[in-house]
Amino acid sequence: MSLHDDAVLVLKGYEDQAELRQAYLDHLAAHPDGMWKACEEGHITASALVVDPERGRALLTLHKKLGMWLQMGGHCEPADTSLEAAALREATEESGIPGLTLLPGGPVRLDRHPIPPPCHCHLDVQYAAIAPSGAVETISDESLDVRWFAYDEVADVADDSVVRLLEATRARL
């Protein structure tokens, strides 16, 4: 099965956010390259909000290009076997934390957001990742900073999409 096929299966089974889910499926139907960064009409991305439920906190990255506090995530790569694999790879690379595990139950949310050219938008499939006890983060080349925020601090530093992702994640915990 290809990553494209995996994305279609994941999205078809995702019952929340029906209109956005349909937009993702329509995009993939219209763009055979819709999984890849090269698709300038927009492409699927995978992200994961890293959380530490024991301490009530979320790990955010200060994105180097956007200058915003965001969850870990990015573009799918040919070696990724699924959206889950892409999200976990991105979260591990950008947080520096080995041993992350995705919250069971598949994606937590879908989010579509504009980005600077040459591409026009990301169709983000958002997961949540649980940090192992005692996890120590490191700053990746893609980040200006990586920092833990108490759940109630996230709204002070991040945009509404991250806040909605945190709320959906906490509802699943």
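Residues numbered from 1 in each chain as written. Predicted model: local features only at pLDDT ≥ 70, side-chain atom pairs only at ≥ 80, totals over all residues. Heavy atoms only, no water.

**Student:** Hey, could you run me through helix 3 (residues 83-95) in this one?
**Tutor:** Three- or four-residue spacings in an α-helix give side chains the same orientation, since the helix completes a turn every 3.6 residues. Here helix 3 contains 13 residues, and its C-alpha end-to-end distance of 18 Å stays within 8% of the 18 Å for a straight helix at 1.5 Å per residue. When helix 3 is considered as a whole, its buried residues turn out to be Leu 83, Ala 86, Ala 87, Arg 89, Glu 90, Ala 91, Glu 94 and Ser 95. (Helix = DSSP H or I, 4+ residues; strand = E, 2+ residues; numbered from the N terminus. Expected span 1.5 Å × (residues − 1). Buried < 20%, exposed > 50% of the residue type's maximum accessible area, 1.4 Å probe, protein only.)

**Student:** Looking at this structure, how should I read the pattern of salt bridges?
**Tutor:** Between side chains of opposite charge, pairing is possible as soon as their charged atoms come close. By the definition in use, this model includes seven salt bridges. In this structure, Glu 93 engages Arg 89 in a salt bridge whose closest nitrogen and oxygen atoms are separated by 3.3 Å. Within this pair, Glu 93 and its partner Arg 89 are both found in helix 3, separated by four residues, close to a single helical turn. Between Arg 147 and Asp 145 there is a salt bridge, with the nearest N and O atoms lying 2.6 Å from each other. Linked by salt bridges that have partners in common, Glu 77, Asp 80, Arg 89, Glu 90 and Glu 93 make up one network. (Salt bridge = Lys/Arg side-chain N within 4 Å of Asp/Glu carboxyl O.)

**Student:** Just to check I follow, could you spell out the environment of Ala 23 for this structure?
**Tutor:** For Ala 23, the location among the structural elements is in helix 2 (residues 18-30). With relative accessibility at 22%, the residue Ala 23 sits in the partly exposed group. Separated by 100 residues in sequence, Ala 23 and Leu 123 place their C-alpha atoms 9.0 Å apart.

**Student:** What am I meant to see in the packing of aromatic side chains here?
**Tutor:** What describes a pair of aromatic rings is the distance from one ring centre to the other and the angle between the planes of the rings. Per the counting criterion, the structure on display carries one aromatic pair. Note on Trp 69 and Phe 149: the rings are 5.0 Å apart at their centroids and 80 degrees apart in plane angle, and the pair reads as edge-to-face. One end of the pair, Trp 69, is in strand 3 (residues 69-70); the other, Phe 149, is in strand 8 (residues 143-150), and 80 residues separate them in sequence. By the burial criterion, Trp 69 is buried, and Phe 149 matches it. (Phe/Tyr/Trp six-rings, centres within 6.5 Å; stacked < 30°, edge-to-face > 60°.)

**Student:** Which parts of the structure should I look at to understand the environment of Ala 87?
**Tutor:** Within the secondary structure layout, Ala 87 lies in helix 3. Spatially, the C-alpha atoms of Ala 87 and Ala 129 are 8.8 Å apart, while their sequence positions differ by 42 residues. Excluding its chain neighbours within four sequence positions, the residues that come into contact with Ala 87 are Ala 46, Ser 47, Ala 48 and Tyr 127. (Contact = heavy atoms within 4.5 Å.)

**Student:** Help me understand the pairing of strand 7 (residues 121-130), please; the structure alone is not making it clear to me.
**Tutor:** In regular strands, side chains alternate between the two faces of the sheet. Counting buried residues in strand 7 gives 10 out of 10 residues, a clear majority hidden from the surface. Sheet topology note: the strand 1 (residues 43-52)/strand 7 ladder contains nine bridges and is parallel. Bridging from a neighbouring strand, Ala 46 pairs with Val 125 of strand 7. The sheet contact formed by strand 5 (residues 101-102) and strand 7 spans two bridges and is antiparallel. Residue pairing across strands places Leu 102 opposite Ala 129, the latter belonging to strand 7. As paired strands, strand 6 (residues 109-114) and strand 7 are joined by six bridges and run antiparallel to one another. By the bridge assignment for strand 7, Pro 114 is matched with Cys 121. Adjacent in sequence and paired antiparallel, strand 6 and strand 7 are bridged by six residues. (Pairing = 2+ DSSP bridges.)

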